[in-house]
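Notes for the structure review
What follows is each chain in one-letter form.
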Amino acid sequence: MTDADTTTVPPRRVVVAEDESLIRLDIVEILRDNGFDVVGEAGDGETAVALATELRPDLVVMDVKMPKLTGIQAAEQLSKNHIAPVVLLTAFSQKELVEQASEAGALAYVVKPFTPNDLLPAIEIALARYAQIIALEAEVGDLVERFETRKLVDRAKGLLNEKMGLTEPEAFRWIQKASMDRRLTMHDVAQAIIEQLAPKKS
């Protein structure tokens, strides 16, 4: 092994919040086995927010139903203050709950019981989406515009996926690159994609 191989990226730091200690142990084990560094554990939403605010992890994995603050309330606080991306764990895949979770700013969710194969892709999605949101926010200062831009970019990503078979991260990189190459904002690029690819209303 050369020196170059040893300078790997530091492991991503995670806070895990789950009120059932056995499930929490499971999650921590899955994460550690897959190269994550679990820097904090919490048994309720309030502690989860406090830990994440103090430790600034790369990610928070959190159960929806928890004492003091629910996972959704905690996710809302973390996302509003740009602390870290959140993956929510839920025992139900109810549509309503999923919508609430995404409105609260959770970037991915996993339905229990789950395997590493369910949890790890959800984590990668959350991390990729968070990086996209940060990139968008760096470009757009105004909150209302930011929300509009996010909606447009999401729609454009969906069209690139549907018409060109790009994955979500690839579609975002495509939009980002087009914006740099053409010296346009991501908002303008997304709008152009939608105009070109969206089915025309007759």
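Residues numbered from 1 in each chain as written. Predicted model: local features only at pLDDT ≥ 70, side-chain atom pairs only at ≥ 80, totals over all residues. Heavy atoms only, no water.

The protein is annotated in an unreviewed UniProt entry as Response regulator of Orlajensenia flava.

To continue, consider the overall build of the protein. Along the protein, the regular secondary structure elements total 9 helices and 5 strands. Along its sequence from the N terminus, the protein presents helices and strands in the succession α-β-α-β-α-β-α-β-α-β-α-α-α-α. For the protein, the residues scored as buried account for 42% of the 202 residues in total. Within the protein, counting contacts between residues at least 6 apart in sequence, those at least 24 apart form 60% of the total. (Helix = DSSP H or I, 4+ residues; strand = E, 2+ residues; numbered from the N terminus. Buried < 20%, exposed > 50% of the residue type's maximum accessible area, 1.4 Å probe, protein only. Contact = heavy atoms within 4.5 Å.)

What follows concerns the environment of Ala 198. With respect to the helices and strands, the residue Ala 198 is situated in the segment after helix H9 (186-197). The sequence separation of Ala 198 and Gly 158 amounts to 40 residues, and the corresponding C-alpha distance is 9.9 Å. For Ala 198, the contacting residues outside a window of four places in its chain are Arg 155, Leu 159 and Ile 193.

Turning our attention to the side chain of Glu 18. Take Glu 18: it is sitting in the loop between strand E1 (13-17) and helix H2 (21-33). Within the local environment of Glu 18, its side chain forms a polar contact with the backbone nitrogen of Glu 20, the two atoms lying 3.0 Å apart. Once you skip the residues sitting within four places of it in the chain, Glu 18 turns out to touch Ile 23, Arg 24, Ile 27, Ala 42, Gly 43, Asp 63, Met 66, Leu 89 and Lys 112. (Polar contact = N/O pair within 3.5 Å; in protein donor to acceptor, adjacent residues only side chain to side chain.)

Here we come to the sheet that holds strand E2 (residues 37-42). The strand order across the open sheet built from 5 strands is E2-E1-E3-E4-E5, with neighbouring strands paired in parallel fashion. Two strands lie at the open edges of the sheet, namely E2 and strand E5 (108-111), each paired on one side alone. The mean inter-strand angle of the sheet, taken between neighbouring strand axes irrespective of direction, is 20°. Looking at chain direction, strand E3 (residues 59-63) and strand E4 (residues 86-90) are connected through 4 bridges and run parallel. Following the sheet pairing, Val 61 is matched in E4 by Val 87. Along the sheet, H2 makes contact with E1, E2, E3 and E4, crossing E2 at roughly 170°. (Pairing = 2+ DSSP bridges. Axes fitted to C-alpha atoms, helices over the stretch in contact; angles between N-to-C directions.)

For side chains bearing opposite charge, pairing can occur when the charged atoms are close. Taken as a whole, this structure holds 6 salt bridges when the rule is applied. The residue Lys 157 makes a salt bridge to Asp 154 at a minimum N-O spacing of 3.2 Å. One end of the pair, Lys 157, and the other, Asp 154, are both in helix H7 (residues 143-164), 3 residues apart, so they sit about a helical turn from each other. What makes Asp 154 partly exposed here is its relative accessible area of 44%. Salt bridges sharing partners connect three or more residues here, namely Glu 18, Asp 63 and Lys 112. (Salt bridge = Lys/Arg side-chain N within 4 Å of Asp/Glu carboxyl O.)

Next up on the list: the nonpolar core. For soluble globular proteins, nonpolar side chains are generally found buried alongside one another. Formed by 24 residues in total, the largest nonpolar core has its most connected members in Ile 27, Leu 31, Leu 59, Val 61, Val 87, Leu 119 and Ile 123. The element contributing the most residues to this core is helix H6 (residues 116-139), with 8 residues. Excluding residues that lie within four positions of it along the chain, Leu 119 makes contacts with Ile 27, Ile 30, Val 61, Leu 89, Val 110 and Phe 114. Membership of the second largest hydrophobic core comes to 21 residues, among which are Val 49, Val 60, Ile 72 and Leu 78. (Core = buried A, V, L, I, M, F, W, Y, C linked by side-chain atoms within 4.5 Å.)

Another point: unusual backbone geometry. Residue Pro 113 follows Lys 112 across a cis peptide bond; omega there is -10°. For Pro 113, the position within the fold is in the loop between E5 and H6. You will see that Arg 56, though not glycine, has its phi angle at about 45°, which is positive. Residue class for Arg 56 comes out partly exposed when judged on its relative accessible area of 46%.

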